[in-house]
Amino acid sequence: MTSNSFPSDATLLHVNNATVPFFTYFQEGIEFISFDTSTCVPPEPMVNAMIALELLDAPTKKVVMINHRSPVGLLAKVQPFYDIEVSELDGGKLQLIFSYKEGMSDKVDLSQKQCAG
C-alpha cells in the first residue's frame, strides 16, 4: 500500500467536478474507485462522495472514501441505498467502502451534492 492508503498499482482517474484526485485499481475482479477527503472541509467530502457514488453502477465496483471523521450527512442521505463498511485507519482517519446494493443503488438521488443548510 502506498502512503495515501491506495495500492501502488492504483491509477489516476479523471472525474469531472471532483475536488480531490480519484484513483482506480482492481482486486479480485472488483474495481475500486478511491479518494481521500481527510484534509478537506465541508462540503467537499460530501460533494466528492456523491460524485464517486454516481460511478458505482454495478456489483463489480466499490467506492473507497478516506475521511477525517464519519460523514454523518452523507450517510444519512445514502445509507439505505448501499452496503457500507466503515473501518478506522492509522491516525484516526476513517475508511468507508460503499458497495452496490442490487435493486436499491439505482434508486438513489445523487443530484443534491451538498447538505441542505
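Residues numbered from 1 in each chain as written. Predicted model: local features only at pLDDT ≥ 70, side-chain atom pairs only at ≥ 80, totals over all residues. Heavy atoms only, no water.

Per an unreviewed UniProt entry, the recorded name for the chain is DUF2249 domain-containing protein, and the organism is Sulfurospirillum multivorans.

### Looking at the nonpolar core
Here is the rule: Note on terminology: a nonpolar core comprises buried Ala, Val, Leu, Ile, Met, Phe, Trp, Tyr and Cys residues joined through side-chain atoms within 4.5 Å. Exposure classes here rest on a 1.4 Å probe applied to the protein chains alone. A residue is buried below 20% of its type maximum, exposed above 50%, and partly exposed in between. Put simply, DSSP marks the helices as runs of H or I at least four residues long and the strands as runs of E at least two long, and each gets a number from the N terminus on.
Grouped together as the largest cluster of nonpolar side chains are 28 residues, with contacts concentrated most on Leu53, Leu74, Val78, Tyr82 and Phe98. Those elements that place two or more of their residues in this core are strand S3 (30-36), helix H1 (44-54), strand S4 (61-67), helix H2 (72-78), strand S5 (82-88) and strand S6 (94-100). For this core, the element with the highest residue contribution is H1, accounting for seven residues. Judged by nonpolar contacts, the second largest core, of nine residues, contains Phe6, Ala10, Val64 and Ile97.

### Regarding unusual backbone geometry
The linkage connecting Pro42 with the following residue, Pro43, adopts the cis geometry, with an omega of 10 degrees. Unlike most non-glycine residues, Asn17 shows phi in positive territory, near 75 degrees. Along the chain, Asn17 turns up in the loop between strand S1 (11-13) and strand S2 (22-27). The backbone of Glu28 sits at a positive phi, close to 50 degrees, despite the residue not being glycine. Residue position: Glu28 is located in the loop between S2 and S3.

### Points about the packing of aromatic side chains
Put simply, the rule reads: Working definition: rings of Phe, Tyr and Trp (its six-membered ring) pair if their centres are within 6.5 Å, and the pair is stacked with planes under 30 degrees apart, edge-to-face with planes over 60 apart, and tilted otherwise.
Going through the model one piece at a time under the given rule, you end up with four aromatic pairs. Note on Phe6 and Phe23: the rings are 5.3 Å apart at their centroids and 40 degrees apart in plane angle, and the pair reads as tilted. Of this pair, Phe6 sits in the segment before S1 while Phe23 is found in strand S2, placing the two residues 17 residues apart along the sequence. For Phe6, a relative accessible area of 2% puts it in the buried group. Between the aromatic rings of Phe22 and Phe35, the centroid separation amounts to 4.9 Å while the plane-to-plane angle is 15 degrees, which identifies the pairing as stacked. Here Phe35 lies in strand S3 and Phe22 lies in strand S2, a separation of 13 residues in the sequence.

### What about the pairing of S5?
Filter applied, for reference: In short, DSSP must find at least two bridges between two strands for them to pair.
Relative to S6, S5 is paired through seven bridges, and the arrangement is antiparallel. Considered in S6, the bridge of Val86 is made with Leu96. Turn length for the S5-S6 hairpin, with the two strands adjacent in sequence and antiparallel, is five residues, and the turn residue Gly91 shows positive phi of about 85 degrees.

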